[in-house]
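Breakdown of the fold
Residue strings, one per chain:
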Amino acid sequence: TKTKAPGGVALIDLEIVAKRLGRDTEIESELKTVGDDLGGKLATAQKDFQEEFLQLKQSLGEKPTPEQNQQLADRGRELNEKFQQEQQSARQELARKRTDLVVRFREEIRPIAHRIASERGLTTVLVKSDIVVLANDPSVDVTDAVVAELVGKVQSVASPTAASESPAASGN
């Protein structure tokens with residue numbers, strides 16, 4: 001006789017989990033804060049580069065030589081390149097921050113999703129994606145169960161007095 005090998009795949013829609021828990025707006029808010037900070041740094045860098053260029057231009061006087069004009073043009077290109085590098089660096093930092101926030105969210109969800117899937121006899125949890133998943137049986141979708149558990153945790157943390165107000169806690 002053959003024994004059935006454990007297996008089966010559970011699916012979770014992390015976008016739905018994030019939306020129902022409000023994490024999508026938390027993540028976007030944090031990214032906006034980081035983006036605003038980076039935008040401020042870029043504005044300062046741009047202003048500094050422009051001031052440096054103007055100072056150099058003024059130092060050359062009213063009638064710069066062709067060599068001085070070339071020096072000014074070269075420095076203008078260098079400053080432009082530096083600013084483009086600053087912009088690229090800011091984009092990369094924002095992308096890293098987004099990745100970090102998403103990874104942190106996934107790590108929070110992972111053990112709960114895995115436990116719920118295991119309770120259903122499923123051994124693997126995949127992130128649901130229309131690109132990857134063509135069709136699935138709704139019974140393998142653990143999204144709602146994960147949301148319900150996390151909402152329950154949030155509510156129990158939000159109202160710790162509920163336990164102390166129970167008849168058992170008061171001795172009645």
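Residues numbered from 1 in each chain as written. Predicted model: local features only at pLDDT ≥ 70, side-chain atom pairs only at ≥ 80, totals over all residues. Heavy atoms only, no water.

Some remarks on the overall build of the protein
In terms of regular secondary structure, the protein is built from six helices and two strands. Mapped from its N terminus to its C terminus, the protein presents α and β elements in the order β-α-α-α-β-α-α-α. Within the protein, the fraction of its 172 residues that count as buried is 22%. (Helix = DSSP H or I, 4+ residues; strand = E, 2+ residues; numbered from the N terminus. Buried < 20%, exposed > 50% of the residue type's maximum accessible area, 1.4 Å probe, protein only.)

Digging into the layout of surface pockets
One number sums up the size of the largest pocket: a volume of about 360 Å³. Taken together, 16 residues line the largest pocket, and the ones lying closest to its centre are Asp13, Leu14, Glu15, Ala18 and Phe105. Listing elements by their share of the lining of the largest pocket, those giving two or more residues are helix 1 (14-21), helix 2 (23-59) and helix 3 (66-119). Among the residues making up the lining of the largest pocket, the classes are represented as six nonpolar, one polar and nine charged. In this model, the second largest pocket occupies a volume close to 190 Å³. Around the second largest pocket sit Ile12, Leu14, Arg106, Ile109, Arg110, Ala113, His114, Val125, Leu126 and Val127, which together line it. Take the lining of the second largest pocket: its biggest share by element is five residues, from helix 3. (1 Å grid on protein atoms, 1.4 Å probe; cavity = no way out; pocket = protein on both sides within 12 Å on 5 of 7 lines; lining within 4 Å. Points joined across faces, edges and corners; volume = space filled by probe spheres on them. Nonpolar A, V, L, I, M, F, W, Y, C, P; charged D, E, K, R; others polar.)

Focus: the side chain of Arg23
Structurally, Arg23 can be placed in helix 2. Excluding its chain neighbours within four sequence positions, the residues that come into contact with Arg23 are Ala18, Phe105 and Glu108. (Contact = heavy atoms within 4.5 Å.)

So, helix 1
Owing to its 3.6 residues per turn, the α-helix brings residues three or four apart onto one side. Within the span of helix 1, buried status applies to Leu14, Val17, Ala18 and Leu21. Down the axis, helix 1 shows its buried residues gathered within 95° of arc, on one side only. Structural note: helix 1 exposes Glu15 and Lys19 on the side pointing more than 90 degrees away from its buried face. If you check the start of helix 1, you find a side-chain oxygen 3.1 Å away from the backbone N of Glu15, and it comes from Asp13. Phi turns positive one or two residues past the end of helix 1, at Gly22, with a value near 80°. (Arc of directions from axis to C-beta. Polar contact = N/O pair within 3.5 Å; in protein donor to acceptor, adjacent residues only side chain to side chain.)

Re the confidence of the model for the protein
The predicted model of the protein averages 88 in pLDDT, with 85% of residues at 70 or higher. A low-confidence stretch, residues 1-5 (pLDDT under 50), is modelled with zero contacts involving residues beyond four sequence positions or located in other chains. (pLDDT = per-residue confidence, 0-100.)

A short note on the packing of aromatic side chains
As enumerated under the stated definition, the model contains one aromatic pair in all. With a centroid separation of 6.5 Å and an interplanar angle of 85°, the aromatic rings of Phe49 and Phe83 are classed as edge-to-face. Linking Phe49 in helix 2 with Phe83 in helix 3, this pair joins segments that are 34 residues apart in sequence. Phe83 shares its class with Phe49; the two are buried. (Phe/Tyr/Trp six-rings, centres within 6.5 Å; stacked < 30°, edge-to-face > 60°.)

A few points about the pattern of salt bridges
Applying the stated criterion across every chain yields a total of 16 salt bridges. Between Asp144 and Arg20 there is a salt bridge; the shortest N-O distance is 2.4 Å. Remark: Arg20 occurs in helix 1 and Asp144 occurs in helix 4 (residues 143-158); sequence separation between them is 124 residues. For Arg75, the salt bridge is made with Glu78, and the minimal N-O distance between the two is 2.7 Å. Highlighted residues: Arg75 and Glu78, both in helix 3, separated by three residues, approximately one helical turn. One salt-bridge network, in which partners are shared between bridges, spans Arg23, Glu26 and Glu108. (Salt bridge = Lys/Arg side-chain N within 4 Å of Asp/Glu carboxyl O.)

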